[in-house]
Amino acid sequence: MDHVARAVKTLLQHKLLVSLFLTFLHLFLILPINQAIFFDIPGDDSKKAITSLILRAGFAVLLFGLIYSVLKFAEGIVAGGLLYRRWLLAGGVYLLVNVVVLAFIWPGYWVWDEYFLLNGVRDGTLPVWQGLFTGIFYVFCLYLIPTGGGVVIVQVLIASAVVGYVIAQTAGLLKRSWLAGLLLIPLVSAPVLLYNFYPLRLTVYSYLELLVLFRLILIAKGNARTTNRYVEFMALSAAIMLLAVWRSEGVYYLILLPILFIAFKMFRIKGEKLLALGATVVSLAIVLGGYGLNKSATDPRYEVTATLNPLSVMLQQPLKGDKLEDSLAAIDRVIDLEVVKEMPSAYEIPSFFAGALRPDFEANLGGYNRAFLQVVMDNPGAFVSARVDTFIAANALTDRFPQIFGARAYLTEPTPRVLEVRDKFDKNNYFSNALSPEVRDSTIQALLMVDDDGKPSIGAKVTWTVIPVGILLLVALGVGIARKKWIAAGLVTLVGARLVLIFLTAPALYFMYYLPVFLSGWMLLAYYSVVVLDRNFGWVHKTTQPVRRLVVSRRTQSADAHHAHVSVSTAGAESGPR
């Protein structure tokens, strides 16, 4: 054992070299095998070959950082660091919960778009319908585990790592560290658990947002334990870039960059101005490069989807406005208004899939957006009414299926098209077949809280909804402002702003759009609740003491009465005939 301990200590003392060695080992030995297992990139396609080379280079950098971080984490565990041990415990508990659920629904909660995304990256294409970074995420996951279920496994590991970090850091801020365990409560809710296994961008995106928010809390409290302010500024810049461009409604997160620039005192440390300049330039390059890359690869059709839903409903009533005729003409140059009007829906965008988009729509998008905005400004009541219909449905307050229509395949007999897509997935992905289709379907139905027809139960109406957390965030904002808790108010605003933007722009009734608000909102509320509870624990203990005394007293009386009854019964038995 001593030899093993010394060997581990030696490895950890040379984290840099070990990380480089393991990175090269994976790149030149394991990765070629993984690529042969999953990918089928045409050898005569130079563009895809170059893309693959660039992706492997980016993966190498990320893998090196990941291995180095894991070794640093292991070093902290071996050294007995309390933060690391708490992190391991909390993350391990959450990982165990997820592994148990995943065993029931393996290979995860696959619905529709993700099947085609997986097929796209297989031949070297980076599909952009769900965002460029979603395709890159898929490729990197498959470089590690070359099967569709591997994407879900990596996603679960990310979620568990973030949860472990958040709970461990929260425990370090409390006098009674065990209270941090209460943060697990929102994390085991049905929506969070199910979406942990849903391999589209909003799951990883939601945990990234949660990580950034809690890191901001630590920075504000002076508990960030930053070893290198410049490295952290660059890392946070990359995270904020992803939050801003991976989902377009997160663009307001860019406001954090100048705030962090000031918080880290980038140019106020003497003798380090060159480092500060380098970190600033790199951070700007990351943000601008990420934005430009995502913008160049964004499918222009996606921009129209945010408007079709409310517009189709608004067209069912007389609209007003001095420039209405001109506005509708500009809109009609992008989409066929007759098709949109004939297919109204507050829940989906059927006209989009029925060919409402005109062939030359892209050339007229600028005028389209201005015209749509003009119609909304002239008819705010009609717009808000249409948005409310979508919002209500998304929050399980109607008989409509509140999550994703494709999930009906888990509730009823799948259609031939769904069966075809699933069969292709099963054939092309090793070890990704359901362990038991019946158990998988019943578990997913239980988490969705719907009947066989997809109708939400009472449980779904109070669980699969963002309305309670939205109301509580508004209350928290008011309390934060009243008590001049500006950091708390700012963080609540960051989360609440997304709720407003999704309400205004959601193209359909899918609950997944609200997942970041649901996850980060409940976690922020849980964090501030345990902070208040920890601060006032003595008062709570003193207030509940009479109740606890009453309970103990009643238990004592009950025990005495039982003892007396047993004594009488025993005495009677002893005096009876033998």
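Residues numbered from 1 in each chain as written. Predicted model: local features only at pLDDT ≥ 70, side-chain atom pairs only at ≥ 80, totals over all residues. Heavy atoms only, no water.

Participant: I'd like a description of the overall build of the protein, backed by residues and values.
Facilitator: A count of helical and extended segments in the protein gives 27 helices and zero strands. Dimensions of the protein, computed from C-alpha atoms along their principal axes, come out at roughly 100 × 65 × 55 Å. Across the 578 residues that make up the protein, the buried fraction comes to 46%. If you take every contact in the protein between residues at least 6 apart in sequence, the share linking residues at least 24 apart comes to 78%. (Helix = DSSP H or I, 4+ residues; strand = E, 2+ residues; numbered from the N terminus. Buried < 20%, exposed > 50% of the residue type's maximum accessible area, 1.4 Å probe, protein only. Contact = heavy atoms within 4.5 Å.)

Participant: So what's going on with a nonpolar patch on the surface? Which residues, and what values?
Facilitator: Taken together, Leu16, Leu17, Leu20, Phe24, Phe28 and Tyr68 make up a surface patch of nonpolar side chains, about 620 Å² in accessible area. Within the element layout of this structure, Phe24 appears in helix α2 (residues 15–38). For Phe24, a relative accessible area of 47% translates into the label partly exposed. (Patch = residues over 30% accessible without salt bridge, like charges linked within 9 Å, V, L, I, M, F, W, Y side chains within 5 Å. Areas by Shrake-Rupley, 256 points an atom, 1.4 Å probe, with all protein chains shown as cover. Salt bridge = Lys/Arg side-chain N within 4 Å of Asp/Glu carboxyl O.)

Participant: I'd like a rundown of the side chain of Thr463, residues and numbers included.
Facilitator: Its place among the elements puts Thr463 in helix α22 (residues 458–463). A distance of 2.8 Å separates a polar side-chain atom of Thr463 from the backbone oxygen of Gly459. What Thr463 contacts, discounting residues up to four positions off in sequence, is Ala190, Pro191, Met449 and Phe518. (Polar contact = N/O pair within 3.5 Å; in protein donor to acceptor, adjacent residues only side chain to side chain.)

Participant: Hey, could you go over helix α14 (residues 301–314) for me, with residue numbers and the actual values?
Facilitator: An ideal rise of 1.5 Å per residue puts 20 Å on 14 residues; α14 measures up with 21 Å between its terminal C-alpha atoms. Largest kink in α14: about 35 degrees, centred on Leu308, with the proline Pro310 one to four residues after it. When you tally the buried positions in α14, you get ten out of 14 residues, the bulk of the element. Turning to α14, its buried residues number three or more, namely Val304, Thr305, Thr307, Leu308, Asn309, Pro310, Leu311, Ser312, Val313 and Met314. (Expected span 1.5 Å × (residues − 1). Bend = angle between axes of the 7 residues up to and from the residue.)

Participant: How would you summarise the layout of surface pockets if you had to cite specific residues and measurements?
Facilitator: Each pocket or cavity is described by its volume, and for the second largest pocket that value is around 1,200 Å³. Surrounding the second largest pocket, 38 residues form its lining, Ser248, Glu249, Tyr302, Glu303 and Ala306 being those nearest its centre. Among the elements of the structure, α11 (229–245), α13 (273–297), α14, α18 (365–378) and α24 (486–505) are those that each provide at least two residues to the lining of the second largest pocket. By residue number, the principal contributor to the lining of the second largest pocket is α14, which donates five residues. Its residues assigned to classes, the lining of the second largest pocket comprises 22 nonpolar, nine polar and seven charged. (1 Å grid on protein atoms, 1.4 Å probe; cavity = no way out; pocket = protein on both sides within 12 Å on 5 of 7 lines; lining within 4 Å. Points joined across faces, edges and corners; volume = space filled by probe spheres on them. Nonpolar A, V, L, I, M, F, W, Y, C, P; charged D, E, K, R; others polar.)

Participant: I'd like a rundown of the nonpolar core, residues and numbers included.
Facilitator: If you look at the biggest cluster of nonpolar residues, it comprises 139 residues, and the most contacted ones within it are Tyr109, Tyr138, Tyr207, Trp464, Tyr513 and Tyr514. The leading source of residues in this core is helix α10 (residues 201–221), at 13 residues. Once you skip the residues sitting within four places of it in the chain, Tyr513 turns out to touch Leu202, Arg247, Ile502, Ala506, Pro507 and Ala508. Counting 27 residues, the second-largest nonpolar core is a separate cluster that includes Leu308, Ile331, Phe352 and Phe361. (Core = buried A, V, L, I, M, F, W, Y, C linked by side-chain atoms within 4.5 Å.)

Participant: Provide a residue-level description of empty space enclosed by the protein, including the pertinent values.
Facilitator: Counted under the stated rule, the structure contains two cavities of 30 Å³ or more. Quantified by volume, the largest cavity comes out at close to 70 Å³. Contributing to the lining of the largest cavity are Phe39, Ile41, Lys48, Thr51, Ser52, Leu55, Val121, Gly124, Thr125, Leu126, Val139 and Tyr143. Broken down by secondary-structure element, the contributors of at least two residues to the lining of the largest cavity are α3 (46–78) and α6 (132–144). It is α3 that contributes the most residues to the lining of the largest cavity, four residues altogether. In the lining of the largest cavity, the residues fall into seven nonpolar, four polar and one charged. Looking at the second largest cavity, its volume works out to about 30 Å³. Lining the second largest cavity, in full, are Val192, Tyr195, Asn196, Thr203, Ser206, Tyr207, Leu515 and Leu519. Residue assignment for the lining of the second largest cavity shows that the elements contributing at least two residues are α9 (190–195), α10 and α25 (515–535). Counting residues per element, the lining of the second largest cavity draws most heavily on α10, at three residues.

Participant: Provide a residue-level description of the side chain of Ser283, including the pertinent values.
Facilitator: Looking at the element boundaries, Ser283 is found in helix α13. With relative accessibility at 3%, the residue Ser283 sits in the buried group. Filtering out sequence-adjacent residues up to four positions away, Ser283 remains in contact with Phe233, Met234 and Ser237.

Everything listed here is a matter of geometry and, on its own, says nothing about what the molecule does.
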